[in-house]
Amino acid sequence: MTQTTPPEQGPIAMGAPGNPAVPPQGFTPVRPSGGGNAAVFTVGAVALGAEAVIAALVTVLYSLQLESHGGEGGLGWLFGTVFALVLLAVVSVVVGLAGSAMAVLPLVLLGRAVARRTGRRDSWQLTLAAVAVVAAALALLIGSCVLLAGFDGSGDLLVYPVLALGLLVVLAPAALCARAAGNPGQPGARWRVLGGVAVGGLGLFVVTLAVGVVAYGSGILTIYEPPRLAEADMVGTWTDGDGGSLRFEADGTVTAKGVHRYEATGERSGASDCTGTWQLTDNDSAPHELGIADCEGLSLGWDIGGTKEHPTVFTWIGEPDTGDRYILTRQR
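Now for a look at the structure at hand. If you're wondering where the values come from, they're calculated on a predicted model, not measured in any experiment. (Residues numbered from 1 in each chain as written. Predicted model: local features only at pLDDT ≥ 70, side-chain atom pairs only at ≥ 80, totals over all residues. Heavy atoms only, no water.)

1. Overview of helix α4 (residues 159-182)
Here is step 1: In this model α4 runs 34 Å from its N-terminal to its C-terminal C-alpha over 24 residues, within 8% of the 34 Å that 1.5 Å per residue would give.
Here is step 2: For α4, the principal kink sits at Leu 171 and spans about 30°; a proline, Pro 173, occurs within the next four residues.
Here is step 3: Those residues of α4 that sit buried are Val 159, Leu 171, Ala 172, Ala 174, Ala 175, Ala 178, Arg 179, Ala 181 and Gly 182. (Helix = DSSP H or I, 4+ residues; strand = E, 2+ residues; numbered from the N terminus. Expected span 1.5 Å × (residues − 1). Bend = angle between axes of the 7 residues up to and from the residue. Buried < 20%, exposed > 50% of the residue type's maximum accessible area, 1.4 Å probe, protein only.)

See the structure below:
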């Protein structure tokens, strides 16, 4: 009996139906080889850290036009500036690492999981959709907690879209950049993504700073300065909205009725009802101070605040670092 030898089988072509281990032609795996979670985490942390620094810069630039009363110059100002810069660096690192671990990496993995379960390609559209869904869910949860805590008003329902949009703006760029680093496509691409995120963040920081400098330098925005009031601007009644008032007369007399007094601890200690004299300080060392004499408990610590159109007089309450003030507003 003659034994028949089967013909030699050639290699199965890539993507052929008989080779299930090889993906069909044109299919992109959910997680390409070489894409790692470490790259996703690192790029996500850098992106969120850059966002935190830029957000802090925008906050500082915006706050320059708001009412503020503090010393400038000297060692105290220098140490405060250095401390603020160090604190900003620490906060940006913490925000980047924590945010990447708790939000960015899970969002990228969620996009991959959706792609795997639905048989779709892992794409940036799926990652963006995952970010949008999670942002909406978190906005619903956080917004409901805020409303239940008692923050009410006519614009209650706006908290939901505002929170959702804010979360989307923060998380979407970081998640998309992190996904790109986790799906490099070719060797070394993830480092190019990381470098691009770092350089892009630095460039956006410089552009934001330049825009702020131009805005303040051209007068579009103005740095806050207390109003320089003439004596005629002081004449009238200034009230605290709680029964206390100061009445300044053109002849230099002032009458206090129910003006609050405070201890050094910031505790209210009573009220003043007295008559004395007042004077505006007009010199280079203290151009905005108001002096009140011969009136018990009101002789020290008055300043001018507010704006030219809506001026205020105030005194500090308690410890200097609390920033608490007792404010009276001019009534005409």
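2. Brief notes about the pattern of salt bridges
Here is step 1: Within the structure shown, the criterion is met by 5 salt bridges.
Here is step 2: When the shortest N-O distance is used, the salt bridge between Arg 179 and Asp 122 registers 3.7 Å. Here Arg 179, found in helix α4, pairs with Asp 122, found in the loop between α2 (74-118) and α3 (124-148); they are 57 residues apart in sequence, far enough to count as distant.
Here is step 3: Exposure remark for Asp 122: the relative accessible area of 7% places this residue in the buried category.
Here is step 4: For Asp 233, the salt bridge is made with Lys 308, and the minimal N-O distance between the two is 3.4 Å. Within this pair, whereas Asp 233 is found in helix α6 (residues 231-234), its partner Lys 308 is found in the loop between β6 (302-306) and β7 (311-316), the two being separated by 75 residues in sequence. (Salt bridge = Lys/Arg side-chain N within 4 Å of Asp/Glu carboxyl O.)

3. A few points about the environment of Cys 295
Here is step 1: Locating Cys 295 in the fold gives a position in the loop between β5 (289-293) and β6.
Here is step 2: The exposure class assigned to Cys 295 is buried, which follows from its relative accessible area of 2%.
Here is step 3: Excluding residues that lie within four positions of it along the chain, Cys 295 makes contacts with Ala 256, Cys 274, Thr 275 and Gly 276. (Contact = heavy atoms within 4.5 Å.)

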